[in-house]
Amino acid sequence: QVQLVESGGGLVQPGGALRLSCAASGRIFSIGAMGWYRQAPGKQRELVAVTTSGGSTNYADSVKGRFTISRDNAKNTVYLQMNSAKPEDTAVYYCNANVRAGGRLSWDDYWGQGTQVTVSS
């Protein structure tokens, strides 16, 4: 019913910048909160940033001041601007969205397939 597709991952040098995008498509009635999570090798998946449908935001302490999450509701898209990248930011980044699908009464979580971000010189 609903698909999330991430893009924009890749290799970036320490101190560099990268922007991730995640577009939702399918039978969407409404989208609530959207967020970015990441999982490094051998580590637990962790929340990076979230944004509400109205645009308010929250960040993990480790990325606060460096990353910015934003959304374009007309495009059903959420972005993660990554500045001042650090090697410890290296991970697979996953998009998440809380969606009410068309024809359904409930809200459900959907996940993207993930995009690799590598911070290295």
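Calculation criteria
- Residues numbered from 1 in each chain as written.
- Predicted model: local features only at pLDDT ≥ 70, side-chain atom pairs only at ≥ 80, totals over all residues.
- Heavy atoms only, no water.
- Helix = DSSP H or I, 4+ residues; strand = E, 2+ residues; numbered from the N terminus.
- Contact = heavy atoms within 4.5 Å.
- Pairing = 2+ DSSP bridges.
- Axes fitted to C-alpha atoms, helices over the stretch in contact; angles between N-to-C directions.
- Core = buried A, V, L, I, M, F, W, Y, C linked by side-chain atoms within 4.5 Å.
- Buried < 20%, exposed > 50% of the residue type's maximum accessible area, 1.4 Å probe, protein only.
- Salt bridge = Lys/Arg side-chain N within 4 Å of Asp/Glu carboxyl O.

Novice: Could you give an account of the side chain of serine 21, with specific residues and numbers?
Specialist: Turning to its location among the elements, serine 21 is positioned in strand 3 (residues 18-26). Other than its neighbours up to four places away in sequence, serine 21 contacts Val5, Glu6, Ser7, Trp36, Val78 and Tyr79.

Novice: Report on the pairing of strand 5 (residues 46-51), specifying residues and quantitative values.
Specialist: Taken together, the five bridges between strand 4 (residues 28-39) and strand 5 define a ladder with antiparallel strand orientation. Paired with tryptophan 36 across the bridge in strand 5 is alanine 49. Linking strand 4 to strand 5, which pair antiparallel, is a turn of six residues; within it glycine 42 sits at a positive phi near 75°. Here three bridges tie strand 5 to strand 6 (residues 57-59), and the two strands are oriented antiparallel to one another. When the bridges of strand 6 are listed, alanine 49 appears paired with tyrosine 59. Adjacent in sequence and paired antiparallel, strand 5 and strand 6 are bridged by five residues, among which glycine 55 carries a positive phi angle near 100°.

Novice: Account for the sheet that holds strand 3, naming residues and giving values.
Specialist: Pairing is antiparallel in the open sheet, where four strands are placed in the order 1-3-8-7. Where the open sheet ends on each side, the last strands, each with one partner, are strand 1 (2-7) and strand 7 (67-72). Recorded for the sheet is a direction-independent mean angle of 15° between the axes of neighbouring strands. Bridge count for strand 3 against strand 8 (residues 77-82) is six bridges, and the pairing is antiparallel. Bridge assignment links leucine 20 to a residue of strand 8, and that residue is leucine 80.

Novice: Go over the nonpolar core with me, naming the residues and quoting the values.
Specialist: Leu20, Trp36, Val48, Leu80 and Tyr93 are the most contacted members of the largest nonpolar core, which has 30 residues in total. Among the secondary structure elements, those contributing two or more residues to this core are strand 1, strand 3, strand 4, strand 5, strand 7, strand 8, strand 9 (91-101) and strand 11 (115-119). By residue number, the principal contributor to this core is strand 9, which donates six residues. In contact with valine 48, not counting residues within four places along its chain, are Trp36, Tyr37, Arg38, Asn58, Tyr59, Ala60, Val63, Phe67, Leu80 and Tyr93.

Novice: Go over the pairing of strand 9 with me, naming the residues and quoting the values.
Specialist: Judged by how many residues are buried, strand 9 sits mostly within the fold: eight of eleven residues are covered. Pairing of strand 4 with strand 9 involves nine bridges; the strand directions are antiparallel. Within the sheet, the bridge partner assigned to methionine 34 lies in strand 9 and is alanine 97. Pairing of strand 9 with strand 11, which is carried by three bridges, proceeds in the antiparallel orientation. Of the residues in strand 11, the one forming a bridge with tyrosine 93 is threonine 115. As judged from the four bridges shared by strand 9 and strand 10 (residues 108-111), these two strands associate in the antiparallel manner. Bridge assignment links asparagine 98 to a residue of strand 10, and that residue is aspartate 109. The antiparallel hairpin formed by strand 9 and strand 10 contains six residues in its connecting segment, where glycine 103 sits at a positive phi of about 85°.

Novice: Can you lay out the pattern of salt bridges for me, pointing to particular residues and giving the numbers?
Specialist: This model, assessed by the stated rule, comprises five salt bridges. Residues glutamate 46 and arginine 38 are paired through a salt bridge, measuring 2.8 Å at the closest nitrogen-oxygen approach. Exposure remark for glutamate 46: the relative accessible area of 34% places this residue in the partly exposed category. Arginine 66 is paired through a salt bridge with aspartate 89; the nearest N and O atoms lie 2.8 Å apart. Of this pair, arginine 66 sits in the loop between strand 6 and strand 7 while aspartate 89 sits in the loop between strand 8 and strand 9, placing them 23 residues apart in sequence. Taken as a pair, arginine 66 and aspartate 89 share a single burial class, namely buried.

Without other data, these values stay purely geometric and don't point to any function.
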